[in-house]
Amino acid sequence: MKKTPIIIDCDPGVDDSYAIALANSCEFFDIKAITPVEGNVPAELTRKNALALREMLDIDCRVAFGADKPLVIPYFNKITGTHGEAGVGTVKFPPSKLGPDEKPAWDVIYEEAVKANGELLLFAVGPLTNIAIALRKYPDLPKLLKKFVIMGGGTFGNISSTGETAEFNIWVDPTAAKEVFEKLDVYMVGLNATHAAELKKADFDEMIALCGDNEKAYLLRELSKFSMRNAFERGFDNSVIHDALAIASEINPDVLEYEDYYVFVEDDPQKKNAGQTVIDLERKSGKEPNCHVAMKVNQPLFAQMMKDLCKYYGTK
Ligand code: RIB
Ligand code: CA
């Protein structure tokens, strides 16, 4: 069976970890690289977590380190409770045996895109700094991609200082996001979609019960126990497994539906809504749609995919 080569650019991250595990469970995907970027936690931790996830999940792929700060504005560098001190909830990783690729993320993304000869499916589920650098360095990258799917943006935000207009991944590096949206055909799985796919406590209870007792299942069980506690006892948004929905949408397209709209990224740091993906939902801009926006979600299907994921690793 012909597998689709994929790369996951990410900032692991609790939901990034679910996303990588879900991608790795898909028999149609061939993960070529994981490329960590600054985001949920500083790059030194997203890098460490990317290396550790590769080994814990037995993924035969490259891990190529990306940026440790946004293109222009400073990195916000605040550890939030959403992902825990080390960025992966309560998960404890053994020291990684394998190191990173000798090349940086942007070079590996391009190299794998050339090798895949137009078949590469690129996911970005963190800030878009690496993708923007790759596009600056390799202007022909767009025509080498089969599809580009992000978790980011949306019809509302989750950054309170912007009046909840900006979503975290875009807000961390709005300059990068603006350049990416201008250069690539973006499939945007935003907060309006991920929150519509929010898991219920009963879903987590089932996921935890389905986890086996091997090392890979340990990862999912710890992620799920942390996420459930954080969401239903501490009021964080961990019941929304944002990044996994982006991956799930390419495993089973029935899990969400896209609508095409004109979208631009507000990147003026002086503006209160800097980092917002301004979506022309009323179609009044007079501009042609330039983005596929995830609008409808099948929450029961997504929840079932997450339960199947836990069951899958219980047998590995
Ligand atoms: O806003 C949610 C997004 O920001 C997710 O990708 C999460 O991992 C963080 O990166
Ligand atoms: Ca992420």
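Conventions adopted
Residues numbered from 1 in each chain as written. Chains lettered and ligands numbered in written order. Predicted model: local features only at pLDDT ≥ 70, side-chain atom pairs only at ≥ 80, totals over all residues. Heavy atoms only, no water. 1 Å grid on protein atoms, 1.4 Å probe; cavity = no way out; pocket = protein on both sides within 12 Å on 5 of 7 lines; lining within 4 Å. Points joined across faces, edges and corners; volume = space filled by probe spheres on them. Helix = DSSP H or I, 4+ residues; strand = E, 2+ residues; numbered from the N terminus. Donors = N, O, S within 2.8 Å, 3.2 Å for Na, K, Ca; no water. Buried < 20%, exposed > 50% of the residue type's maximum accessible area, 1.4 Å probe, protein only. Pairing = 2+ DSSP bridges. Phe/Tyr/Trp six-rings, centres within 6.5 Å; stacked < 30°, edge-to-face > 60°.

Asker: What is the right way to look at empty space enclosed by the protein in this model?
Answerer: Empty pockets left among the atoms are what a rolling probe the size of a water molecule brings to light. Tallying each qualifying case throughout the model produces one cavity of 30 Å³ or more. Its boundaries defined by the atoms lining it, the largest cavity holds a volume of some 60 Å³. Around the largest cavity, the lining residues are Val14, Asp15, Tyr18, Thr82, His83, Ser227, Asp237, Asn238, Val240, Ile241 and His242. Of all the elements, helix H1 (residues 14-25) adds the most residues to the lining of the largest cavity, at three residues.

Asker: Help me out: how do you make sense of the environment of Asn117 in this one?
Answerer: Among the secondary structure elements, Asn117 is positioned in the loop between helix H3 (105-116) and strand E4 (120-124). In the structure, Asn117 is positioned 31 residues away from Phe148 in sequence and 15 Å away in space, judged by C-alpha atoms.

Asker: I keep staring at the coordination of the calcium ion (ligand 2) and nothing clicks. Help me out?
Answerer: In ideal tetrahedral geometry, four donors around a metal make angles of 109.5 degrees, whereas ideal octahedral geometry with six donors gives angles of 90 or 180 degrees. Taken together, the protein donors to the calcium ion (ligand 2) comprise Asp11 (OD), Asp16 (OD), Asp16 (OD), Val125 (O) and Asp243 (OD), at separations of 2.2 to 2.7 Å. According to the relative accessible area criterion, Asp11 is buried, its value standing at 0%.

Asker: Sorry if this is basic, but what is going on with the pairing of E4 here?
Answerer: Here is the key point about a regular strand: its side chains alternate between the two faces of the sheet. Extensive coverage of E4 is indicated by the burial of five of its five residues. Of the two faces of E4, the one lined by Leu120, Leu122 and Ala124 and the one lined by Leu121 and Phe123 are each fully buried. In terms of strand pairing, strand E1 (residues 4-10) meets E4 through four bridges, oriented parallel. Of the residues in E4, the one forming a bridge with Asp9 is Ala124. Two elements, E4 and strand E5 (residues 145-151), share five bridges in a ladder whose sense is parallel. Bridging from a neighbouring strand, Leu122 pairs with Phe148 of E5.

Asker: Would you mind showing me how to read the packing of aromatic side chains here?
Answerer: Any two aromatic rings considered together are summarised by their centre-to-centre distance and by the angle between their planes. In total, this model carries ten aromatic pairs according to the counting rule given. Taking the centre distance of 5.2 Å and the plane angle of 85° together, the rings of Tyr75 and Phe76 count as edge-to-face. Overall, the relative accessible area of 15% leaves Tyr75 in the buried class. Looking at Phe76, the relative accessible area reads 23%, which means it is partly exposed. Both rings, one in Phe76 and one in Trp171, keep their centres 5.6 Å apart while their planes meet at 65°; by these two values the pair is edge-to-face. With Phe76 in the loop between strand E3 (62-63) and H3 and Trp171 in helix H5 (residues 168-172), the pair connects residues that are 95 residues apart, well separated along the chain. Taken together through their ring pairs, the aromatic side chains of Tyr75, Phe76, Phe168 and Trp171 make up a single cluster.

Read these as geometric descriptors, not functional statements.
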